[in-house]
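The residues making up each chain are set out below.
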Amino acid sequence: MSEVKISAEVRSEFGKGAARRLRRADKLPAVVYGHGEAPVHVALPHHDTLMALKTSNVLINLDIDGKSQLVIPKAVQRDVLRQGILEHIDLLLVKRGEKVVVEIPVHTEGELAPGSNLLEHVLSTLPVEAEATHIPESVTVSIAGLDAGASILAKDIPLPSGSTLATEEDAVVLQVLAAQAEEAPAEESEGEAAEA
């Protein structure tokens, strides 16, 4: 996993008005917290942060007034109408070697068994515990040949080395459903038969 360097400025103004002024200046309000330290309110460059967040669970080397700190995104608020605009971000302090629990995306590969089967993603992300500097980007699960009624549990998903499952082993992650055929309403069928 790669580290992204971002410079942050400590901010002293708070509230909606201050946040709007920051966003107009192409900066993003953020809070850095963790390890029992007092939260630090910072402003981040919007574009650099947006690019960094394209990688899920990205490790950010944050430069705050010349002091370097490792953080991971914990909560990201996006503009409801404009998805490319970030509103606020919470960053969690981490240390090298420290284990953290994160949600990693679940990807699928392969084709379901022939027929009109549907794949349901019960969980689109999987909670795992991993070292902060070695967080996996995602997990890939083969669905090749699965038929209706089949399901994949959390314990069935192979995790990258150094990662452990942080949820119930029997949690259903994916399941295959049989497509429901629409039946013609019985009243119409009878009416059509009478007309003929």
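Check the entry above for the structure.
Quick summary incoming for the structure in this document. Going along each chain's sequence as written, the residues are numbered from 1 onward. Local features are withheld for residues below a pLDDT of 70 in this predicted model, meaning they are given only at 70 or higher, and side-chain atom pairs are given and counted only at 80 or more; totals for whole chains, interfaces and linings count all residues. Hydrogens and water are ignored here; the side-chain numbers use all heavy atoms of the structure.

### Quick look at the overall build of the protein chain
Then, in step 1: The helix and strand labels rest on DSSP assignments: H or I over at least four residues marks a helix, E over at least two residues marks a strand, and numbering proceeds from the N terminus. Tallying secondary structure elements over the protein chain gives three helices and 13 strands in all.
Then, in step 2: With the radius of gyration taken over C-alpha atoms, the globule rule is written as 2.2 Å times the number of residues to the power 0.38. Here the protein chain has a C-alpha radius of gyration of 24 Å; the compact-globule value for 196 residues is 16 Å, and the former is much larger.
Then, in step 3: Along the first, second and third principal axes, the C-alpha set of the protein chain runs to 85 × 45 × 25 Å.
Then, in step 4: Categorising residues by exposure relies on relative accessible area from a 1.4 Å probe, with only protein chains included: less than 20% of the type maximum marks a residue as buried, more than 50% marks it as exposed, and the intermediate range marks it as partly exposed. Out of the 196 residues in the protein chain, the part that is buried amounts to 34%.
Then, in step 5: By element, 50% of the accessible surface of the protein chain is carried by carbon and sulfur atoms, the whole surface being about 11700 Å².
Then, in step 6: Looking at the protein chain, you have 17 positive and 31 negative side-chain charges, and the mean spots of the two groups are 19 Å apart. For every accessible area listed, the method is Shrake-Rupley and the probe measures 1.4 Å; residues are considered covered only by the protein chains on display. Positive charge is attributed to Lys and Arg, negative charge to Asp and Glu, and no charge count is given to His or to the chain ends. Charge positions are represented by NZ for Lys, CZ for Arg, CG for Asp and CD for Glu.

### Thoughts on the sheet that holds strand β10 (residues 139-142)
Then, in step 1: What makes two strands pair is DSSP finding at least two bridges between them. Spatial ordering of the open sheet is given by β10-β7-β9-β12, a layout of four strands whose pairing is mixed. Of all strands in the sheet, those with a lone pairing partner are β10 and β12 (164-165), marking the two edges.
Then, in step 2: In the sheet, strand β9 (residues 125-131) pairs with β12 via two bridges, with the strands oriented antiparallel. Paired with Val 128 across the strands is Leu 165, a residue of β12.

### Looking at the side chain of Ser 163
Then, in step 1: Here Ser 163 is to be found in the loop between β11 (151-153) and β12.
Then, in step 2: According to the relative accessible area criterion, Ser 163 is buried, its value standing at 11%.
Then, in step 3: Should any heavy atoms of two residues lie within 4.5 Å, those residues are counted as being in contact. Leave out the neighbours within four places in its chain, and Ser 163 touches Glu 129, Ala 130 and Pro 136.

### Focus: the pairing of strand β7 (residues 99-109)
Then, in step 1: In terms of strand pairing, β7 meets β9 through seven bridges, oriented antiparallel. Paired with Val 100 across the two strands is Ala 130, which belongs to β9.
Then, in step 2: In this structure, β7 lies alongside β10, joined through four bridges in parallel fashion. Among the inter-strand pairings, His 107 is bridged to a residue of β10, identified as Thr 140.

### Topic: the pattern of salt bridges
Then, in step 1: The term salt bridge refers to a side-chain nitrogen of Lys or Arg lying within 4 Å of a carboxyl oxygen of Asp or Glu. In this structure the tally under the stated criterion is two salt bridges.
Then, in step 2: Taking the shortest distance from any N to any O, the salt bridge between Lys 27 and Glu 9 comes out at 2.5 Å. One end of the pair, Lys 27, is in strand β2 (residues 27-34); the other, Glu 9, is in strand β1 (residues 3-10), and 18 residues separate them in sequence.
Then, in step 3: Note that Lys 155 and Asp 170 form a salt bridge whose closest N and O atoms lie 3.3 Å from each other. Of the two residues, Lys 155 sits in the loop between β11 and β12 while Asp 170 sits in the loop between β12 and β13 (172-178), which places them 15 residues apart along the sequence.
Then, in step 4: With a relative accessible area of 46%, Lys 155 lands in the partly exposed category.
Then, in step 5: Given the relative accessible area of 53%, Asp 170 is considered exposed.

### Notes on the sheet that holds strand β8 (residues 117-121)
Sheet strands line up and pair through hydrogen bonds in the backbone, either parallel or antiparallel.
Then, in step 1: In spatial order, the strands read β8-β13-β11; together these three strands make up an open sheet with antiparallel pairing. Lying at the two open borders of the sheet, with one neighbouring strand each, are β8 and β11. In this sheet, neighbouring strand axes are inclined to one another by 15° on average, regardless of whether the strands run parallel or antiparallel.
Then, in step 2: For β8 and β13, the ladder comprises five bridges, and the chain directions are antiparallel. Following the sheet pairing, Asn 117 is matched in β13 by Ala 178. Only the contacting stretch of a helix is used when fitting its axis, a line to C-alpha atoms as for every element, and angles between N-to-C directions run 0 to 180 degrees.

### As for the nonpolar core
Then, in step 1: Core analysis: the largest hydrophobic core is formed by 22 residues, its most contacted members being Ile 72 and Leu 126.
Then, in step 2: Residue assignment for this core shows that the elements contributing at least two residues are β5 (67-78), β6 (86-94), β7, β9, β10 and β13.
Then, in step 3: Counting residues per element, this core draws most heavily on β7, at four residues.
Then, in step 4: The contacts of Leu 126, once residues within four sequence positions are left out, are Val 102, Glu 103, Ile 104, Val 106, Val 139, Ala 154, Ile 157, Leu 159, Leu 165, Thr 167 and Val 173.
Then, in step 5: Only buried residues count toward a nonpolar core. Its members are Ala, Val, Leu, Ile, Met, Phe, Trp, Tyr and Cys residues joined through side-chain atoms within 4.5 Å. If you look at the next biggest cluster of nonpolar residues, it comprises 19 residues, including Val 42, Ala 52, Leu 62 and Ile 89.

Don't take any of this as a statement about function, it's just geometry.
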